[in-house]
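Each chain is listed here by its residues.
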Amino acid sequence: MSRLLRGKFGYAVRVVGITQGRKVQSKLLNYNREQINTVLVPVVRYYSPLNGKHAGVLKIPAPTFRISGRGIGMLVARVLRGALKIRYLLLGGAITGGSALARHYEEWKDALPDAKFLEEILPSQEELDAMRAKLLEFRDKIKASVPDFELDPKMLEVSEEKYEQLVQWFKQRLDDAVLAAEQDKEDATGTAIFSDGTTLEQSSCPKEELPAPPSGSSGLLHTLSGEATRATLDRRDSASDLMQHALSFSAMGSAAEKEREKAESIREKYESLQEELMQVQLKYQKEIERLEKENKELRKSLMLKAGDHINKKKIKKSLIDMYSEVLDELCDYDSSYDTHDHLPRVVVVGDQSSGKTSVLEMIAQARIFPRGAGEMMTRAPVMVTLSEGPYHIASFKDSTREFDLTKESELAELRKEVELRMRNSVRSGRTVSTEVISMMVKGPGLQRMVLVDLPGIISTVTTDMAQNTREAIRDISQQYMSNPNAIILCIQDGSVDAERSNVTDLVSQMDSTGKRTIFVLTKVDLAEENLANPDRIKKILAGKLFPMKALGYFAVVTGRGNKEDLIQDIKDYEEEFFRTSRIFKGGVVNSHQCTTRNLSFAVSERFWKMVRDTVEQQADAFKATRFNLETEWKNNFPRIRELDRDELFEKARGEILDEVVNLSLLSPKHWEDALYKRLWEKVMTHVFENIYLPAAQTDNAGTFNTTADIKLKQWADMMLPKKCVEVGWETLEEEFRSFMERAKASRDHDTIFDNLKGSVVNEAMRRHIWEDKASDVLRVIQLNALEDRSVHDKQQWDAACKFLQESVQEKLTATENTLREMVGPGTKEQWMYWTSPADEQRRRAAVKTELEKLLQSEYAHRNTLTYDELTQVRKNVQGMGVDVDNEFVRETWHPVYRRHFLRRALSKAYECRKVFYAYHQGLEGELGVDCSDVVLFWRIQQMIKITANALRQQVMNREARRLEKDIKEVLEEYGNDRDKKEELLKGRRVSLAEELKRVRQIQEKLEEFIQALNTEK
């Protein structure tokens, strides 16, 4: 209490009621009244929180504390303390941030990859300096090997002033000079001015614009070639002006003979200048070829040296290889958004046997295509990608084999492979195909480009061709030439009349402006022999004969008529021809318009210019196509992963093989029960009809057993093993199909695989054959099982009785149903279902009644009717007004007797259940019960159990694995058969995923190619 008064536990003592208050006061008598009142607070009993008037009775006033004021001094101290804290915070933050930044920098520096491997790949500075010195030495060697070229000093004597006066005078007297020259020519002997028969007009050559330097030659060679060409043109112009000047003077009547002599001297000068020019050109041509050969060898050595680092560094693909991969992807692409393939290609078109393939072979520098005498050999588009490499090799897109083009044996194999692929691409009786054969040719010095060789245009369809061959070839050619970025290489046979050309009209329709067409005149050597007037060739190469326009015109010679000639021999023959030909010598053809070498340079340069101008537009088009396809997929299949046909097939393959694995998870008991059930269903009819019923017609048990033994042995020797093998095969198929059906009921089942899975299972089951020795093994097992006639224990006896009862009851039910269909509805059914029997059913019902009376009179009747019994039944029925014959009675007798027999067998089975011990002791005959039926069915039951066990072992140990092997073989064949996968995996989901994948691949390859192209620029 003293603690209470001192305030140790609170401020006051609350008491409730007067009694408790008095008790507390009595306890506090030792204290004075004032102290008691300070700690004792009376509480009224009737206090309630609902009574607002007494709400503050229990409230104790809270103690009050006085806070003294501190003044302005404390405020100043606090401000100073905060300022000092800010200084320390700033200083500490700077130090901590600097330390963290230094630590992060060290971590970032340690995370950088190790670049020491570059020191082994990249050449050192000393090696670069040595290579630069070798290149400078090579430049000096080339410069020293080429002699200085100087013009004829006689040409330099003509001053510019004299030349201008001569031109003005020539313009004034041109008309008079021409008329005087013609008159003077008529008065003379009538011979031509030149001894070779050409006139000035024919031999003059207009000054052409200098061609662009070829992409594959060095700058030094182009400079030398350009100077030689400019000198040639200057000489031609000067000689032409001098000869025209001579003609104008010859028009003067008084000095005709003098001027004629001057013209003769000028003509001799012109011929000497032309001969000198030709020799200079040939000299430079030989020098260029020699330098190019050295350049090829140098590039080959550099490529081989770079090949030593294959294991250290991945070789970068060349531009043409990357571009070829894009074109390969586009070959099979078919877009529903109408995004056409507009990437540049060089499309080689021409009439049949015009020399298309020969031109392509000269560009590729190898005879890579099959040849035939007048027969169509090009039956499908052949896309040839030319690329530069150290070795001259060829390969197909879908094959890893490389053909060495320097060996004639491998060239022959390559031509056979091309011919085989062409013939395989032609199906369904067609002559030509749209299937593209893609080929890559690499070699030193080859111009990088992509060419497509098309079937030749024909005008007549022969009997061994399809009727639509001509239209099909034109459609293929138009399809490739319709590409607005395709370069058309129009091949025209120069040895035939121009009026017989079919390709020029087709090309003029597809490219009327001629902005992407290059005209090539082949077989110029034959044209020179056949044409008497070279002016016709000049018109062809000037673009004035055919109704078509072109960027450039070229004349080439691609053979000598012998298909065994080598490419180098043909090139030598071509150069020799143009050096000695009067077409080239007479100025009909310019030097840059001749030879396949100049043609390949021009085509390659134009090809890459077209590629650089159009490839980005094509990439943008495919980017838009990809966006459209992705939008369609998101809208139609929002929660399904994008899987193309190959990926779907692999997923289906895994699910099918998983179901095969599930077969091994089935328990042996499950297999034996399934085999036992199916075996009995298979043999039950034979057991009843051919064994049990014939044996039951005997008089005693001995004869029954003998008959049964004979029937069982014949059955086991001939039919039973094969039937059991069929049952095993059917059970295996049924179990596997049940797994497939249960998989369809699962929640994650995808219906797109149903056709594929069903086809694979059907094909595998068709191929699966049970082992041959299985039937022999089963025959021995079954014969041993059927030889046992002794039931060993009561359990087996009861099982045999039950087996007999169930089998007989099943047959009895089927027989009663057959009888019900024969006699029609009974009286009860007629009243309840308002049905009535037919006339035949009424007659059978009457016969059935008489036959049942006969069986009741003789319970152990045999299974056949005697003639007297037939007559009696027929007469009894006739007495009821029903007329039937003997055959009708026999037909009704069989089901009636079968029912009677089965009922008797069923009752016998019930009786035999109780006589096992009598049977075991051989006393069942004394009881008057014959249980041979039970023993027979026990033997059959034991044989079925043993057979089911043997089949189960074969299924689990052998046949399930063999089935898995068959399924894998079918899946492997289907996986390699593109048409089969398209047939079994189809629908918009599949086609959309396929197209989306293809567009992505094309876009990615295009972007990679564009990046590499920009880097090369």
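Everything that follows concerns the structure shown earlier in this document.
Residues numbered from 1 in each chain as written. Predicted model: local features only at pLDDT ≥ 70, side-chain atom pairs only at ≥ 80, totals over all residues. Heavy atoms only, no water.

(A) Representation of the overall build of the chain. Helix and strand counts for the chain stand at 37 helices and 11 strands. The 1017 residues of the chain split such that 40% are buried. Nonlocal contacts in the chain, meaning residues at least 24 apart in sequence, comprise 80% of its contacts between residues at least 6 apart. Summed over its atoms, the accessible surface of the chain is roughly 59,300 Å², and 51% of this surface lies on carbon and sulfur atoms. (Helix = DSSP H or I, 4+ residues; strand = E, 2+ residues; numbered from the N terminus. Buried < 20%, exposed > 50% of the residue type's maximum accessible area, 1.4 Å probe, protein only. Contact = heavy atoms within 4.5 Å. Areas by Shrake-Rupley, 256 points an atom, 1.4 Å probe, with all protein chains shown as cover.)

(B) Region of the structure containing the state of the cysteines. In this structure the tally under the stated criterion is 1 disulfide. Between Cys912 and Cys931 runs a disulfide, and the two sulfur atoms are separated by 2.4 Å. Across the S-S bond of Cys912 and Cys931 the torsion is about -110 degrees, and the bridge reads as left-handed. Of this pair, Cys912 sits in helix α33 (residues 886–912) while Cys931 sits in the loop between α34 (916–921) and α35 (932–976), and the two are 19 residues apart along the sequence. With a relative accessible area of 0%, Cys912 lands in the buried category. For Cys931, a relative accessible area of 4% gives the class buried. (Disulfide = S-S within 2.5 Å.)

(C) Layout of the nonpolar core. With 104 residues, the main nonpolar core has Trp680, Trp797 and Ile967 as its most contacted residues. It is α35 that provides the largest number of residues to this core, a total of 17 residues. Not counting chain neighbours up to four residues away, the residues in contact with Trp680 comprise Val687, Phe688, Phe803, Ser807, Phe937, Ile940 and Ile944. Within the second largest apolar cluster, 102 residues are counted, among which are Leu489, Ala498, Met548 and Val615. (Core = buried A, V, L, I, M, F, W, Y, C linked by side-chain atoms within 4.5 Å.)

(D) Up close: the sheet that holds strand β4 (residues 382–388). Spatially, the 9 strands line up as an open sheet ordered β6-β5-β7-β4-β8-β3-β9-β10-β11, and their pairing is mixed. Looking at strand neighbours, the two that pair on one side only are β6 (403–404) and β11 (552–555), the edges of this open sheet. In this structure, strand β3 (residues 346–350) lies alongside strand β9 (residues 487–493), joined through 5 bridges in parallel fashion. Counterpart to Val349 in the pairing with β9 is Cys490. (Pairing = 2+ DSSP bridges.)

(E) Structural context of a nonpolar patch on the surface. Nonpolar side chains collect at one region of the surface, where Ile72, Leu75, Val76, Val79 and Leu80 lie side by side and expose about 510 Å² of accessible area between them. Among the structural elements, Val79 can be located in helix α4 (residues 72–111). (Patch = residues over 30% accessible without salt bridge, like charges linked within 9 Å, V, L, I, M, F, W, Y side chains within 5 Å. Salt bridge = Lys/Arg side-chain N within 4 Å of Asp/Glu carboxyl O.)

(F) Region of the structure containing the packing of aromatic side chains. One pass over the full model with this rule turns up 20 aromatic pairs. Seen from their ring centres, Phe688 and Tyr692 are 5.8 Å apart, and the 80 degrees between their planes marks the pair as edge-to-face. Taken as a pair, Phe688 and Tyr692 lie in helix α24 (residues 668–696) at a separation of 4 residues, close to a single helical turn. Judged by its relative accessible area of 0%, Tyr692 falls in the buried class. (Phe/Tyr/Trp six-rings, centres within 6.5 Å; stacked < 30°, edge-to-face > 60°.)

(G) How the structure looks around unusual backbone geometry. Despite not being glycine, Ser353 has its phi angle at roughly 65 degrees, a positive value. Locating Ser353 in the fold gives a position in the loop between β3 and α14 (356–364).

(H) Broad picture of the pattern of salt bridges. Overall, the coordinates contain 54 salt bridges when judged by the stated rule. One salt bridge connects Arg843 with Asp839, and the closest N-O pair in it is separated by 3.9 Å. Taken together, the positions of Arg843 and Asp839, both in helix α31 (residues 839–857) and 4 residues apart, correspond to about one turn of that helix. Residue class for Asp839 comes out exposed when judged on its relative accessible area of 53%. Among the ionic contacts, a cluster of salt bridges with common partners joins Arg645, Asp646, Arg978, Lys981, Glu982 and Glu994.

Geometric descriptors of this kind do not, in isolation, establish any biological role.
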